[in-house]
Amino acid sequence: MGAFVASDSKTVNSERRLLCVVAHPDDETFGSGSTLIKYAAEGASVFTSCATRGDVGEIADRSDATPETLSAVREQEYYDAGKVMGVKQSILYGFRDSGMAGSPDNDHPNAYIKVPMDEVVAKVVDTIRELKPQVVFTFDEGGGYGHPDHIHASEATKLAYFAAGDPSYEGSTLEPWKPSKLYYHGFPRSMMRKWFAAFAEADPDSDLAKLDPEEMGVPDETLTTELDISAHAETRRKAIEVHQTQYSPLDRMPSPELEADFLNTDFFIRVDPPLADGESGIVETDLFEGLGI
Ligand SMILES: [Zn+2]
């Protein structure tokens, strides 16, 4: 019987722990929500940490939130969406949203991007040491579409990933924990080109049409990991709906084909361990591949 129990316990993957580090309430759902849903559904403990309360984000027409209530409403949306996705713990650090690149909020004295990197890294190290994830992921180095908070969170997460397992790191009093794998979530640039061409065709004067797709997402050839998330589209739609203050990415989908791209596949760049010499392209279909859990 023992052998069967061991085998069964492996198939539910209850030892797996995954941490997703983002900057604003909604990033965890709009960016890579189906990956969180997939691993939670398979029995993993899934955690998110979010740097800000999205204080200066847009307010969608359908929401009753005001600029004064936005941060509190978005904080609740973050917790509620986490519950829909099966997230075990949704952590929020409460830094101030820095706003889009070039906006006056960038210069607010409490803006997240003004917080010294050491301080941000220490928060993420504490989270990693407390939750002991084997796998950590965050934004790519360009923040998906250049948002300064995303770039700040990506850099902090990479530094924290390595510091968390380092006994000589002085920024945390918790016991060291060394995660096994670090990923950047990435939207393939080939998909961005299709999206933005369609946006520009539909409305040449829209803000989206003015963005340069060559600066969005990541080059396809840098992607290493491809997840089939198609089974989780309906739960993803529900979690997206929870973020009522934000315009749904599904409402801006220019075609059913592009919506299917968005809902069926998530892509990642494996940062650590790096690919072996001679390896390139998509080499994995599971973030926990090779860990034996
Ligand atoms: Zn964001």
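- Under an unreviewed UniProt entry, the protein has the name GlcNAc-PI de-N-acetylase and belongs to Candidatus Lucifugimonas marina.

Observations concerning the overall build of the protein
Next up, step 1: Assigned secondary structure in the protein consists of 11 helices and seven strands.
Next up, step 2: For 293 residues, the compact-globule estimate of 2.2 N^0.38 gives 19 Å, and the protein sits close to it at 19 Å.
Next up, step 3: Principal axes of the C-alpha set define a box for the protein whose edges measure 65 × 45 × 40 Å.
Next up, step 4: The 293 residues of the protein split such that 51% are buried.
Next up, step 5: Long-range pairs, those at least 24 residues apart, make up 79% of the contacts in the protein with a sequence separation of at least 6.
Next up, step 6: For the protein, the exposed surface amounts to about 13400 Å²; the carbon and sulfur share of it is 52%.
Next up, step 7: In the protein, 26 side chains carry a positive charge and 52 a negative one; their mean positions are 5 Å apart.

Topic: the coordination of the zinc ion
Around a metal, the idealised angle for a tetrahedral arrangement of four donor atoms is 109.5 degrees; for an octahedral arrangement of six donor atoms it is 90 or 180 degrees.
Next up, step 1: Around the zinc ion, the protein supplies His24 (ND1), Asp27 (OD), Asp27 (OD) and His150 (NE2) as donor atoms, at distances of 2.0 to 2.6 Å.
Next up, step 2: Note that the zinc ion binds four donor atoms; their angles at the metal cover 54 to 132°, and the shape is irregular.
Next up, step 3: The sequence pattern describing where the donors of the zinc ion fall on their chain is H-x2-D-x122-H. Placement of the pair is His24 in the loop between strand S1 (17-22) and helix H2 (27-31) and His150 in helix H7 (residues 148-164), with a sequence separation of 126 residues. Of the two residues, His24 and His150, both sit in the buried class.

Looking at unusual backbone geometry
Next up, step 1: Going from Asp272 to Pro273, the amide bond is cis rather than trans, its omega being -5°.
Next up, step 2: In this fold, Pro273 is placed in the segment after strand S7 (265-272).

A few points about the pairing of strand S6 (residues 225-228)
Next up, step 1: Burial along S6 is one-sided: Thr225 and Leu227 are buried, and none of Glu226 and Asp228, which face the opposite way, are.
Next up, step 2: Sheet analysis places S6 next to S7, joined by four bridges and oriented antiparallel. By the bridge assignment for S7, Glu226 is matched with Phe267.

With respect to helix H3 (residues 33-41)
Next up, step 1: With eight of its nine residues buried, H3 lies for the most part within the structure.
Next up, step 2: Of all the positions in H3, only Gly33, Ser34, Thr35, Leu36, Ile37, Lys38, Tyr39 and Ala40 are classed as buried.
Next up, step 3: Just beyond H3, the residue with positive phi is Gly43, at close to 105°.

Structural notes on the sheet that holds S7
As a general point, the strands of a sheet are linked pairwise by backbone hydrogen bonds and lie either parallel or antiparallel.
Next up, step 1: An order of S3-S2-S1-S4-S5-S7-S6 is seen for the seven strands of this open sheet, with the pairing classed as mixed. The sheet terminates laterally at strand S3 (89-95) and S6, the two strands that pair on one side only. The mean angle between the axes of side-by-side strands here comes to 25°, regardless of whether they run parallel or antiparallel.
Next up, step 2: Relative to strand S2 (residues 45-52), S1 runs parallel, the two being bridged by six bridges. Its bridge partner lying in S2, Arg17 is registered against Ser45.
Next up, step 3: In the packing of helix H5 (residues 117-131) onto the sheet, contacts are made with S1, S2, S3 and strand S4 (135-139), and the angle to S3 comes to roughly 165°.

Topic: the packing of helix H10 (residues 233-242) against helix H11 (residues 256-264)
Next up, step 1: Viewed as axis vectors pointing N to C, H10 and H11 meet at an angle of 95°, and their least axial separation amounts to 10 Å. It follows from the interaxial angle that H10 and H11 lie roughly perpendicular. Taken together, the residues of H11 that come into contact with H10 (itself represented by Ala233, Arg236, Arg237 and Ile240) are Glu259, Phe262 and Leu263.
Next up, step 2: Among the residues forming the contact of H10 with H11, the class breakdown is four nonpolar, no polar and three charged.

Notes on the packing of H5 against H7
Next up, step 1: At a minimum axis distance of 8 Å, the contact between H5 and H7 shows a crossing angle of 55°. Comparing their axes, H7 and H5 come out oblique. Judged by the sense of rotation from one axis to the other, the crossing of H5 with H7 is right-handed. Contacts from Met117, Val120, Val121, Val124, Val125, Ile128 and Arg129 in H5 reach His152, Glu155, Ala156, Thr157, Leu159, Ala160, Tyr161, Ala163 and Ala164 in H7.
Next up, step 2: Classifying every residue of the contact of H5 with H7 by side-chain character gives 12 nonpolar, two polar and two charged.

Definitions and limits used
- Residues numbered from 1 in each chain as written.
- Predicted model: local features only at pLDDT ≥ 70, side-chain atom pairs only at ≥ 80, totals over all residues.
- Heavy atoms only, no water.
- Helix = DSSP H or I, 4+ residues; strand = E, 2+ residues; numbered from the N terminus.
- Rg over C-alpha atoms; globule rule 2.2 N^0.38 Å.
- Buried < 20%, exposed > 50% of the residue type's maximum accessible area, 1.4 Å probe, protein only.
- Contact = heavy atoms within 4.5 Å.
- Areas by Shrake-Rupley, 256 points an atom, 1.4 Å probe, with all protein chains shown as cover.
- Lys, Arg positive; Asp, Glu negative; His and termini not counted.
- Charge placed at Lys NZ, Arg CZ, Asp CG, Glu CD.
- Donors = N, O, S within 2.8 Å, 3.2 Å for Na, K, Ca; no water.
- Tetrahedral: all angles 85-135°; square planar, octahedral: opposite > 155°, others 65-115°.
- Pairing = 2+ DSSP bridges.
- Axes fitted to C-alpha atoms, helices over the stretch in contact; angles between N-to-C directions.
- Parallel < 35°, antiparallel > 145°, perpendicular 65-115°, else oblique.
- Nonpolar A, V, L, I, M, F, W, Y, C, P; charged D, E, K, R; others polar.
- Left-handed = near helix turned anticlockwise from the far one by under 90°.

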